[in-house]
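# What the coordinates show
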Amino acid sequence: MPLLEVHGLTKVFGRLVALSGVDLAIRENEFHGLIGPNGSGKSTLMKCVAGAEVPTAGTIRFAGQDITVSTPAKRARAGLTLKFQITSVFPALTVYDNVLLALQARSSTTGLIFSRTRAALHEHVMHLLERFQLAKRCAERAAALSHGQQQWLEIVVALACQPRLLLLDEPTAGMSLEERRITGELLMPIKRDCSLLIVEHDLDFIRNICDFLTVLDHGNIIDSGTVSHIQNSRKVREVYHIRV
Amino acid sequence: MPAASSIGAGSLRGYQRRVIPIIEIVLFAVFVAAPIVLQDYITVFVTRVLILALLALSFDLVWGYSGIMSFGQALFFGAAGYGVALLARDLQITSAFIVLPAAFVIGLIVSVAIGAFLLLGRHPPTTIFVALGTLAGSYVADRLARDWYYLGGQNGIPSIPPMTAGGYEFAEGPAYYYLTLTVLALVYLVCRFVVRSQFGLALAGVREHEARIAFLGYEGQRMKLAMFSLAGAVAGLAGGLYAFHEGFVWPNMLGVVISTQIVLYALLGGVGTLIGPIIGVIIVEIASFALSDSVPKVWPIVLGLLLLFAIQFAPTGLIGLVASERERVGDFGRPPLRPRHTDAAPDDAAA
């Protein structure tokens, strides 16, 4: 059974149909890429899955549960985490506290008030920061990091939520070529732990890390399949005039 | 895998000067010593300042720590004041062991009711919605008390007997002062514990980016309600102390004037730190005390200008002039540690 099942998802803003009956399925430990031109509905689909937008029609099932109208907090606790397109770390908090904030999210209110998990989570915070090469900056304010490092911190924060499905909306936006390469290397090992749904304009980047691709245009799915299938898809090439 | 243990020595805790703990210690030491050197009538005045400081602390909990703009803290203050006044008038209950917990509970119940209505919608409420909602609550309570005969109407409830503990009466002066100071110190310590805990970190997240924190799994609106309720209970405690200290309660205690006054005092001192609003209350009240007799016509103008200047040029309040942003926001995790070895610097590639 797929981890995420999206069926007939439709989202309408006024007279604009952003998504029109989209179907999508993602299995455990699958890296799935969403591509398409600007305005094709990729980010809207991500937002509907994460709970930032309520779909006009259709259903979303996650790990067997219907989460179509669940709050973002409920989805996050179920294991569905979104990394926003625009960097949205907590700038006034330290890098360390940004990660601790995400890690402690499942603690009870009483546990938080009495700081029962603070010591136990320390090793975990440092381990995640080391993995994304941010340990040396842990005492600094998140606002002091470079744009690329803030993107990494946001991925760390998303991973700290211990997701079963991680939604990454343009994780390499604004990064240099070197930062993109490092980001790809940093993301590959998480395949052991969770699935990934990723929206990205950098086609080389997405081709290197994804198992499956779905191509959207004007809110409709044009094609879906393995990377090699999409690369050879005449339909995709005809519609977009691009080599995937 | 590089273990966390490789992040070794060199705590950064002492890397910067911390001034807030010094201010806290000095201020509370001055409070303890004040009645020894002050005349009794000034001690009575300073008692009132401490009670208002408690009210300012309650506003700080909602705005400074939770990002809820409340113009209605006087509602909880006044409701608890009226509640304990009725206990004293109708049931002859004046025991501190009953009236102070009762004031706390009344503030809590009223704030939970108002807070649940204002904060627990499907979507997070806007700042202006909550500000106007609390302001309206405060105004309505004021009008209700003025027109309710049982509550004494415009005159309120006079002649409240002194608070007692066993056979001891807390008369105006040093006895009531130390009772108030004890309550203030205990509330301060509890608030300090809460805002520096992991819950305080979650509140910092709510304050900075409420929409984002929901995607980490936090119920931001419920956390805000918890803090709004705690703040209401603290305001209630202040109202209970105020009623017995003044010996009467009247509708102004519930109204928008006190609500707004407390907001301005707290902003002047600096919200987002617990000590800032207390400093704001002390400065304005002492200046009022000293100048309102000598320059009664000019003083309100001076006060207004002072507050305008503070908001315009020192938005972090007086405490922001001496404490860095980092100290005011604080660190919530274990003290971040500096790496032992600095030869490899892979993250510099991305910097």
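Attention in this report is confined to the structure presented alongside it.

What follows deals with the overall build of chain A. Secondary structure summary: chain A contains ten helices and ten strands in total. Its C-alpha atoms give chain A a radius of gyration of 18 Å, near enough to 18 Å, the size a compact globule of 244 residues would have. Counting only C-alpha atoms and orienting by the principal axes, one finds that chain A spans roughly 55 × 40 × 35 Å. Within the span of chain A, comprising 244 residues, buried residues form 48% of the whole. By sequence separation, contacts in chain A at least 24 residues apart represent 64% of the contacts at least 6 residues apart.

Turning our attention to the nonpolar core. Grouped together as the largest cluster of nonpolar side chains are 183 residues, with contacts concentrated most on V99, L129 and V156 of chain A together with L54, A56, V234 and L237 of chain B. Per-element tally for this core: the top contributor is helix 9 (residues 220–246) of chain B, with 16 residues.

A word on the packing of helix 10 (residues 256–269) of chain B against helix 11 (residues 275–294) of chain B. All names here are of chain B. Taken N-terminus to C-terminus, the directions of helix 10 and helix 11 make an angle of 110 degrees; their axes are 6 Å apart at the nearest point. When the interaxial angle is binned, helix 10 and helix 11 end up roughly perpendicular. At the point where helix 10 passes helix 11, the crossing takes the right-handed sense. Residues Y265, A266, L268 and G269 of helix 10 touch helix 11, and the partners they reach there are G276, P277, I278, I279, G280, V281, I283 and V284.

A few words on unusual backbone geometry. A positive phi angle, near 50 degrees, is found at H218 of chain A, a position not held by glycine. Following the sequence through the fold, H218 of chain A ends up in the loop between strand 9 (212–217) and strand 10 (220–226). Backbone geometry at S159 of chain B places phi at a positive 55 degrees, although glycine is not the residue there. Relative to the helices and strands, S159 of chain B resides in the loop between helix 5 (127–147) and strand 1 (163–165).

For the rest of this paragraph, the subject is the packing of helix 2 (residues 40–64) of chain B against helix 6 (residues 174–195) of chain B. All names here are of chain B. Look at helix 2 against helix 6: their axes get within 9 Å of each other, and the N-to-C directions meet at 20 degrees. Considered as vectors, helix 2 and helix 6 are oriented roughly parallel to each other. Here the hand of the crossing between helix 2 and helix 6 comes out left-handed. For the pair helix 2 and helix 6, the contacting residues are T43, V46, T47, L50, I51, A53, L54, L57 and L61 in the first and P174, Y176, Y177, T180, L181, L184, V187, Y188 and C191 in the second. Residues that form the contact of helix 2 with helix 6 fall into these classes: 15 nonpolar, three polar and no charged.

This part is about the interface of chain A and chain B. Every contact between the two is made by 51 residues of chain A and, on the other side, 35 residues of chain B. Taken together, the elements giving at least two residues each to the side of chain A that touches chain B come down to helix 2 (72–78), strand 6 (80–83), helix 3 (95–103), helix 4 (109–113), helix 5 (118–131), helix 6 (147–160) and helix 7 (177–187) of chain A. Across the side of chain A that touches chain B, the residue classes break down as 25 nonpolar, 15 polar and eleven charged.

Moving on to the sheet that holds strand 2 (residues 16–26) of chain A. Residue and element names in this part refer to chain A. As summarised here, the arrangement of the four strands in space is 2-1-4-5, forming an open sheet in which the pairing is antiparallel. Here the strands that pair on one side only, and so sit at the sheet edges, are strand 2 and strand 5 (65–66). Alignment of strand 1 (residues 4–13) against strand 2, held across seven bridges, turns out to be antiparallel. In the sheet register, F13 faces strand 2, and the bridge partner there is L16. Helix 1 (residues 42–50) rests against strand 1, strand 2 and strand 4 (57–62) of the sheet, and its axis sits at about 115 degrees to strand 1.

With that out of the way, let us pick up helix 6 of chain A. Because an α-helix completes one turn every 3.6 residues, residues spaced three or four positions apart along the sequence face the same direction. Helix length check: helix 6 of chain A (14 residues) gives 20 Å between terminal C-alpha atoms against 20 Å at 1.5 Å per residue, within 8%. Residue Q162 of chain A follows helix 6 of chain A closely and has a positive phi angle near 55 degrees.

Residue and element names in this part refer to chain A. In terms of strand pairing, strand 1 meets strand 4 through five bridges, oriented antiparallel. Residue pairing for strand 4: V6 is matched across the bridge by I60. Taken together, strand 1 and the strand that follows it, strand 2, pair antiparallel across an intervening segment of two residues, in which G14 is found at a positive phi of about 60 degrees.

In this section: helix 5 of chain B. All names here are of chain B. Its 21 residues place the ends of helix 5 31 Å apart at the C-alpha level, agreeing with the 30 Å of an ideal helix rising 1.5 Å per residue. If you check which residues of helix 5 are buried, you get V130, G133, T134, G137, S138, A141, D142 and A145. Buried residues along helix 5 sit in contact with helix 3 (73–91), helix 4 (96–119) and helix 10.

What counts as what
- Residues numbered from 1 in each chain as written.
- Chains lettered and ligands numbered in written order.
- Predicted model: local features only at pLDDT ≥ 70, side-chain atom pairs only at ≥ 80, totals over all residues.
- Helix = DSSP H or I, 4+ residues; strand = E, 2+ residues; numbered from the N terminus.
- Rg over C-alpha atoms; globule rule 2.2 N^0.38 Å.
- Buried ≥ 20, exposed ≤ 12 C-beta atoms within 10 Å, placed from the backbone.
- Contact = placed C-beta atoms within 7 Å.
- Core = buried A, V, L, I, M, F, W, Y, C linked by C-beta atoms within 7 Å.
- Axes fitted to C-alpha atoms, helices over the stretch in contact; angles between N-to-C directions.
- Parallel < 35°, antiparallel > 145°, perpendicular 65-115°, else oblique.
- Left-handed = near helix turned anticlockwise from the far one by under 90°.
- Nonpolar A, V, L, I, M, F, W, Y, C, P; charged D, E, K, R; others polar.
- Pairing = 2+ DSSP bridges.
- Expected span 1.5 Å × (residues − 1).

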